[in-house]
Amino acid sequence: MSKVMTKMNKMSDEELFKFIEFDSSRAESTAYSGYSYWKSTFKVFMSRRSTRLTLYFLILLLLFTLLQPYFPGQKSPTEIFINPETGRQLRSHPPGAEFWFGTNTIGQDLWARIWSGTRTTLLIAIVSVTSSTVIGIVIGALWGYVRALDRVFTEIYNVINNIPTTVLRMLITYVLRPSIGTLIFAMCLTNWVGMAKWIRNLIIIIRDREYNLASRCLGTPTRRVIVKNLLPQIVSVVMLDVALSIPGVIGSEVFLTYIGLGLPVETPSLGNLIDEGRRVMMNLSQTYQLVFPAVVVALITIAFYSLGNKFADASDPRNHV
Amino acid sequence: MEQQTKIEPEVILCVKDLVVKFSLRGQELTALRGVSMDLYRGESLAIVGESGSGKSVFCKSFIGMLDKNGWVESGEIWYGGTDIAKYEKSEDWIRLRGKEIAIVFQDPMTSLNPLQTVGVQIREALELHQGLRGVAAQEKVIEILSDVGILEPEKRVKDYPHQFSGGMRQRVVIAIAIACNPKILICDEPTTALDVTIQAQILELLKQLQHKYNLTIIYITHDLGVVANVADRVAVMYAGDIVEIGTCEEVFETPRHPYTWALLSSLPQLGVKGEPLYSIEGTPPNLFTEIYGDAFAPRNRYAMQIDLLERPPYFEISPTHKARTWLLDPRAPKVTPPNTSIATAIERNARHAREVKKVFGEKLVEIRNLSVHFGNSRKPFVAVNNVSFDIYKGETFGLVGESGSGKTTIGRAIVRINPPAKGEILYGGKRISGKIGKELDHAITQKIQMIFQDPMASLNERAKVDYIVSEGLINIHPELSKAEREDRVQCALRDVGLLPEFASRFPHEFSGGQRQRIGVARSLIMEPEFIIADEPISALDVSIRAQVLNLLSAMQQQRGLTYLFISHDLSVMRFIADRIAVIHKGVIVELSDTEELFAHPLHPYTRALLSAIPLPNPKSEKSKVLEVYDPAIHNYTVDKPSWVEIRPKHFIMCNEHECALYRKKLARENGEA
């Protein structure tokens, strides 16, 4: 301001009251907003310390799960250890310096099994959620945007949705040989329905907005309308849904294994680790076999849930204040 | 005005140097930059300004209803001997809000509780503020309802808000405000969401109530026609400050601030066909940055060096009239203000119509017995009922009607978004409705383009301007290389007066007027022959409208375009359209050349529309007589109505009996002329 004042003092009245030339580019550039949706979402998301800590924790946990076998001094998750004194399996050895999380009832290293199990479970969760999201988006977008398909898809949805998902998953895993592939297939088969319905509802809300009408007037093909106009608007909501589905899938993997339809014991997963732990739960000296896998499941689930919810808050433009 | 000169006016509310700030996305926004104003008891003051000028914030600060991220930085608001700007507790505000100062909002549907009867809602206000109970309260409710012009109030007390029409709902909202028995009533855009005919009735009602309840009313509006109708005094706001304040006559007839000049002269009603409208370039300033000097300077054609350096003080022109501009300083050069008289414009237009006979080519669009239905086939809603008209090459055809009249549906039927239930649409002699061949479909997509009403909703927020503008090009000319496409986008942006580098930005970075021009660029890049403009200016600020209208008419002259211009505003139409069709409830009631329609409106609905339009002219507004259209006057049980050409090129929907009456009337009017 002071600079302006000195400039003013230097000028005579005559100069001050002289017309200045009209500059249309100066007029055109007066209003400019630097707001960016994704930048603001990210800023709001990262602004809370608890969210940042949860995020770092989850990233570390995922990295560790992936890299664990490559660290030095790690044991194989399937090797059965022999007690050198008795020459028999090292059953239910309590946690200690050699076996950090102890051994299970047949003498395998629980530490190695937990991380191997986490890998398996996360693989199932991520692959099945990703594929059901892709299927859900494709079908949901067509269902929501193409009016002619609405009736047909709604009827199909009603039929599928009326079969209890748990029963369906149990049936599939029962009929097919239990394996990672079967579990992923079973999860996808039931998960995409909910996802498709959810996407369809979102699309219907924005379907008749004027910019979509404009695209129709310009002759834009349906595929490009969906990819360019509709999906970018709902991507944040879909990301939230994905974040919340992962703990759900982990939960149902645990459940299926718990009722005996999950993965065979040779492939460790969080589900069968918890199942094994449950069997010896009542024996106080062996409770650790349930506690350790349960804690890992809880940590992952809670981290995904809370991050998902924080992201939902951050992606709401009303919170971009 | 007369009252004021007789009695020394008493100041009821006094604002001094009010500064209000908001914190938004980590930045500080100065919404009000030191506003001062006196409000006199019993007057009606209109605050005019564009969106973002701070007019709503200003009034909300009187009742402590600023959004939670806003605060009063400094300044005083004196009411009844206390400085209410110092209020911090909500109990303080509750004593004031409603009881002393009440507010009526724009949208009646969102300000009523849909789960309670209107009687209960009015009663609640009575019990809270006037302490009435039981039978006395019930009687008062009915009295207030009949005061706001609701027929059979005894019955309607028990109705829910959804059982009322838009205008009636706004009457109920006003009734609730009145029930608090306030001294000051703030009406925040009270009629913007309503149709013109309803708008006129609500304004009439407010004037009556002001008299009966001895109210002081503040109107917040962007519509200068409304201002001319209701206001004793007018305050013009720009960028968080009152730049000019005076009596209604002073501001309209002898405006002194260059912004007021620009605002008044850019009104479409002042335009003359064939000449560009006066337009204010650019957009209002960004209030995030500190403003030096006069906020209007970058857009001001009369800007002086000092405008960029120091903020002007108020200069007094008369005891009631002051303006904040350096042009009034004795050292400033003398300038003659532009002519803003609406009468001259009307006369020049009529002369233009007589002298310049525009010749139109062959029929471009033919609409034959078009009907459009919504809903299922068992219980269809007839949006457009048996409509026929032709549009000639090179003309601007205006389609005027209120909300729900089916005008937008007709436009959308032509671009094939809403399929017709009956009838057909021909383009250049070929049928384009129903099932058509792929080649014709391709050609039509390119030749017919649409411009949408709301520039905020009609651009895809998540795509860059580059994609938005080139979208149609990708569909029609997939053979173009990326460089060629970019070339054409830059060219189209330059054509609509935008900078080519805007292509890499996202739509949210632009103001409403710039966004609407992006929408125009998107249509023009297709090189169309026929453009349907669906209310292209009604969502824009007054100062921006002229820019868009000028652009549209320049494009018509350069490229020989044909327009179908859809609007609810007959007065704007007068300066745009060559021929006008008036549509009511899905039926076109009258169609004729523009000047003929304004000179000899025949159908009672056209007459009602014409009488209801608010003109920015206080003299004609304050003395106007409102005509109300009641469809029940037509007796069509035996004598069925038909489409009659009552004079050459003047069509009207009437039965034989009415036709005879209209003919007599025409003959009489011609005799007088």
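Procedures and definitions
Residues numbered from 1 in each chain as written. Chains lettered and ligands numbered in written order. Predicted model: local features only at pLDDT ≥ 70, side-chain atom pairs only at ≥ 80, totals over all residues. Heavy atoms only, no water. Helix = DSSP H or I, 4+ residues; strand = E, 2+ residues; numbered from the N terminus. Buried < 20%, exposed > 50% of the residue type's maximum accessible area, 1.4 Å probe, protein only. Contact = heavy atoms within 4.5 Å. Areas by Shrake-Rupley, 256 points an atom, 1.4 Å probe, with all protein chains shown as cover. Lys, Arg positive; Asp, Glu negative; His and termini not counted. Charge placed at Lys NZ, Arg CZ, Asp CG, Glu CD. Rg over C-alpha atoms; globule rule 2.2 N^0.38 Å. Salt bridge = Lys/Arg side-chain N within 4 Å of Asp/Glu carboxyl O. Pairing = 2+ DSSP bridges. pLDDT = per-residue confidence, 0-100. Phe/Tyr/Trp six-rings, centres within 6.5 Å; stacked < 30°, edge-to-face > 60°. Lys NZ or Arg CZ within 6 Å of the ring centre and 35° of its normal. Axes fitted to C-alpha atoms, helices over the stretch in contact; angles between N-to-C directions. Buried area = accessible area lost by both parts, 1.4 Å probe. Polar contact = N/O pair within 3.5 Å; in protein donor to acceptor, adjacent residues only side chain to side chain.

For this particular structure, what's the right way to read the overall build of chain A?
Across its full length, chain A carries 13 helices and zero strands. Reading chain A from its N end, one meets helices and strands in the order α-α-α-α-α-α-α-α-α-α-α-α-α. In terms of its C-alpha atoms, chain A occupies a principal-axis envelope of roughly 110 × 60 × 30 Å. The buried share of chain A, taken over its 321 residues, is 44%. Across chain A, every contact between residues at least 6 apart in sequence was considered, and the portion connecting residues at least 24 apart equals 67%. Put simply, chain A shows about 16,900 Å² of open surface, and 65% of that area lies on carbon and sulfur atoms. Positive and negative side-chain charges of chain A, numbering 31 and 21 respectively, have mean locations separated by a distance of 3 Å.

I keep staring at the overall build of chain B and nothing clicks. Help me out?
A tally of helices and strands in chain B yields 24 helices and 24 strands. Taking 2.2 N^0.38 as the reference for a compact globule, 673 residues should give roughly 26 Å; the C-alpha atoms of chain B span a radius of gyration of 26 Å, in line with that estimate. Along the three orthogonal principal directions, the C-alpha set of chain B runs to about 75 × 65 × 50 Å. Within chain B, the fraction of its 673 residues that count as buried is 56%. The contacts of chain B with a sequence gap of at least 6 include a subset with a gap of at least 24, amounting to 67%. Of the roughly 28,400 Å² of accessible surface on chain B, a fraction of 52% belongs to carbon and sulfur atoms. Distance between charge centres in chain B, computed from 80 positive and 85 negative side chains, equals 3 Å.

Just to check I follow, could you spell out the pattern of salt bridges for this structure?
Pairs can form between side chains of opposite charge whenever their charged atoms are close. Residues and elements named next belong to chain B. Going through the model one piece at a time under the given rule, you end up with 37 salt bridges over all chains. Residues glutamate 127 and arginine 123 are paired through a salt bridge, measuring 3.2 Å at the closest nitrogen-oxygen approach. With glutamate 127 and arginine 123 both in helix H5 (residues 118-130) and four residues apart, the pair spans about one turn of that helix. Look at the salt bridges and you will find they share partners, linking Lys363, Glu366, Arg368 and Asp390 into a network.

I would appreciate a short explanation of the pairing of strand E10 (residues 241-247) of chain B in the present structure.
Two faces, one strand: in a regular strand the side chains alternate between the faces of the sheet. Residues and elements named next belong to chain B. Counted residue by residue, E10 has seven buried out of seven residues, so it is predominantly covered. When strand E9 (residues 233-238) meets E10, the two strands line up antiparallel, connected through six bridges. Directly across from alanine 235, in E10, lies its bridge partner isoleucine 245. Hairpin connection between E9 and E10: a loop of two residues separates the two successive antiparallel strands, and alanine 239 in this loop has a positive phi of roughly 50°.

Quick question: what am I supposed to make of the confidence of the model for chain B here?
Caution applies to low-pLDDT regions: their predicted coordinates should not be interpreted in detail. Put simply, chain B has an average pLDDT of 86, and 97% of its residues get 70 or more. At the level of chain-chain contacts, confidence expressed as ipTM amounts to 0.77, with global pTM at 0.81.

Before we go on, may I ask you to explain the packing of aromatic side chains in this structure?
Geometry of an aromatic ring pair is reported as the spacing of the ring centres plus the angle between the planes. According to the stated counting rule, one finds 22 aromatic pairs over all chains in the structure shown. Aromatic pair Phe58(B) and Phe62(B): ring centres 5.0 Å apart, planes at 70°, arrangement edge-to-face. An identical accessibility class is assigned to Phe58(B) and Phe62(B); each is buried. Taken together, Phe64(A), Phe71(A), Phe101(A), Trp111(A), Trp115(A), Tyr288(A) and Phe292(A) form an aromatic cluster joined through their ring pairs. A cation sits over an aromatic face here: Lys228(A) above Tyr467(B), 4.4 Å from the ring centre.

Just checking my understanding: could you explain the sheet that holds strand E3 (residues 44-48) of chain B for this structure?
Two orientations exist for strands paired in a sheet by backbone hydrogen bonds: parallel and antiparallel. All names here are of chain B. Here eight strands make up an open sheet; going across it, the order is E6-E7-E8-E3-E9-E10-E12-E11 and the pairing mixed. Looking at the sheet topology across the chains shown, the edges are occupied by strand E6 (101-104) and strand E11 (315-318). For this sheet, the mean inter-axis angle between neighbouring strands, taken without regard to orientation, is 20°. Most of the contacts of helix H8 (residues 166-179) go to E6, to which it runs at about 170°, and overall it touches E6 and strand E7 (184-188). Against the sheet, helix H12 (residues 258-265) contacts E9 and E10, and its axis sits at roughly 100° relative to E9.

For this particular structure, what's the right way to read the sheet that holds strand E14 (residues 381-392) of chain B?
Residue and element names in this part refer to chain B. The antiparallel open sheet is built from four strands, whose spatial order is E14-E13-E16-E17. The open sheet has two edge strands with one neighbour each: E14 and strand E17 (430-431). The sheet strands contacting helix H14 (residues 407-414) are strand E13 (363-374), E14 and strand E16 (422-427), and the helix crosses E13 at an angle near 115°.

Just to check I follow, could you spell out the interface of chain A and chain B for this structure?
Reports often express the size of an interface as the amount of accessible area lost when the parts come together. Chain A puts 44 residues into the contact, and the matching count from chain B is 61 residues. Buried area between chain A and chain B, both sides added, is near 4,900 Å², and the carbon and sulfur share of it is 58%. Here Glu210(A) ties to Arg412(B) by a salt bridge, and the two come within 4.0 Å at their closest N and O atoms. Between chain A and chain B we count 12 residue pairs in polar contact (both at pLDDT 80 or more) in total. Contributions of two or more residues to the side of chain A that touches chain B are made by helix H1 (2-10), helix H2 (13-16), helix H3 (24-28), helix H4 (37-46), helix H10 (210-217) and helix H11 (222-258) of chain A. At seven residues, the largest contribution of residues to the side of chain A that touches chain B is made by H10(A).

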